[in-house]
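A closer look at the structure
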Amino acid sequence: MRRAARAAFNGITFATGLILACWLIRSSLPVPKVPIVQAKLEHLARRVDEYDTLILGSSRVFHQIIPARLDQRMAEHGLATRSFNCGVDGMRPPEDAYVLDQILRSQPRNLRWVILELEYLRMPLDADKKGTIRAVYWHDWSRMVLLARRAFGDDKKRKLKDRLRRLREPLGDLAEHGALFVQNMTNIGRAEVLTQFLTRKRAPGVNWHSLGDRKDGFITTGRPEMMLEENRLLFERERAQRLEAPARSDAGDPVSRHALRQMLEKIRSIGARPILVVPPTTSKKNFVPGPDVGTDLVVLDFSDVQRFSVLYESRHRLDTDHVNMAGAEIFTDLFAEAFAAAVARQSDPSLDLPIRTP
């Protein structure tokens, strides 16, 4: 018994020391070299107090809300803003929550609004991110707890057999996330950073070009401005479907709502206000949380194909989820008008300021 107890004690001591060492090393390392993300986080770490408005989400806001144009339009509506687009291609929950946490570590003092794209928390990793640092860097304890909750689900009314069948695929995804979590926590693949520190070699510079010409986080997609024929066929079909059966608002699953609620609480804790947005997409349903997430939510929904028909004209589109540069300018103008109206209503709820459409 003594030998077994000693072995257990030694094992626990070793594991504790290993975990502590990994944590200390990780906490001292700089932001991983994640394309786009690294440049935006390092820029904000240095100049976060220059901005009062942050935009966070996927390519549907990254390439579609233009900060300089947004600030100009907001000024025309009588509201001065200085905005920065922190969107990244393919960024969705819970990665966006990790990025928000890193931004808030800079303790922004002048932040008034955070614009968040509404999106469900999904388990599968995008195929183009597998095997890259982009898939690894955000896997910490907080994110793994959310992913585990999403995998196991909260539906207790289903039969055990049905629940196990539904679990099979999410659990496979959870195992993949678990491996990425271990890689992140143990700093695997980051030896070059330690080598540079020990040898005092200068690390390669950040790609500041990814911040755009104005250094406000916005860059174009780099794709042709005209919609490809293969994208046109799908877009026209889905647009016709949405005209016949408009997109519906979906309250989402409990974990997606919980993940969003956590982000909203963090934003409000620093005195800023969240502004939630559904970009112009032809999806059948969109995540729009109910009052259990918050009774004072500001949701700007641009998924109405008929009301915002100008955003759904083929000449302004790249595909079912994205507009081109001309469409981005129109979307930014419409968003600014809705944003300004929402801020005015928060100050005076009796105001009724509808969004004008071109």
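Refer to the structure presented above.
Here goes a summary of the coordinates provided. (Residues numbered from 1 in each chain as written. Predicted model: local features only at pLDDT ≥ 70, side-chain atom pairs only at ≥ 80, totals over all residues. Heavy atoms only, no water.)

The next point concerns the pairing of strand β3 (residues 113-117). Counting buried positions over the 5 residues of β3 gives 5, a clear majority of the element. Residues W113, I115 and E117 point to one face of β3 and V114 and L116 to the other, with burial holding for every one of them. Across 4 bridges, strand β1 (residues 53-56) lies against β3 in parallel orientation. Paired with T53 across the bridge in β3 is W113. Two strands pair when backbone bridges link them, and β3 and strand β5 (residues 273-278) are joined in this way by 5 bridges, in the parallel orientation. By the bridge assignment for β5, I115 is matched with I275. (Buried < 20%, exposed > 50% of the residue type's maximum accessible area, 1.4 Å probe, protein only. Helix = DSSP H or I, 4+ residues; strand = E, 2+ residues; numbered from the N terminus. Pairing = 2+ DSSP bridges.)

Time to look at the packing of aromatic side chains. Enumeration according to the criterion identifies 10 aromatic pairs in this entry. Summarising the aromatic geometry, the rings of F302 and F308 are spaced 5.0 Å apart at their centres and angled 50 degrees between planes, so their arrangement reads as tilted. There is no split in this pair, since F302 and F308 are both buried. Consider the rings of F302 and F335, whose centres lie 6.3 Å apart with planes at 40 degrees: the pair is tilted. You can see F302 sitting in the loop between β7 (299-301) and α11 (325-347) and its partner F335 sitting in helix α11, a full 33 residues away along the chain. Just as F302 is buried, F335 falls in that class too. (Phe/Tyr/Trp six-rings, centres within 6.5 Å; stacked < 30°, edge-to-face > 60°.)

Contact geometry for helix α5 (residues 95-104) and helix α10 (residues 254-269): axes closest at 10 Å, N-to-C directions at 15 degrees. Classed by the angle they form, the pair α5 and α10 counts as roughly parallel. Of the two possible hands of crossing, α5 and α10 adopt the one that is left-handed. Of α10, the residues touching α5 (which contributes D96, A97, L100, D101 and L104) are M263, K266 and I267. Looking at the contact of α5 with α10, its residues break down into 5 nonpolar, no polar and 3 charged. (Axes fitted to C-alpha atoms, helices over the stretch in contact; angles between N-to-C directions. Parallel < 35°, antiparallel > 145°, perpendicular 65-115°, else oblique. Left-handed = near helix turned anticlockwise from the far one by under 90°. Contact = heavy atoms within 4.5 Å. Nonpolar A, V, L, I, M, F, W, Y, C, P; charged D, E, K, R; others polar.)

Bringing the sheet that holds β7 into the picture now. With respect to topology, 5 strands assemble into an open sheet ordered β2-β1-β3-β5-β7, the strand pairing being parallel. Strands with a single pairing partner mark the edges of an open sheet, and in this sheet they are β2 (83-85) and β7. Each strand axis lies, on average, 20 degrees off the axis of its neighbour in the sheet, ignoring direction. Along the sheet face, helix α4 (residues 67-76) touches β1, β2 and β3 and points at about 150 degrees away from the line of β2.

Below, the discussion takes up α4. The periodicity of an α-helix, 3.6 residues per turn, causes residues three or four positions apart to be oriented the same way. Burial in α4 covers these residues: P67, L70, D71, R73 and M74. Within α4, the buried residues cover an arc of 165 degrees as seen down the axis, which keeps them to one side. In the stretch just after α4, G78 is the one whose phi turns positive, near 85 degrees. (Arc of directions from axis to C-beta.)

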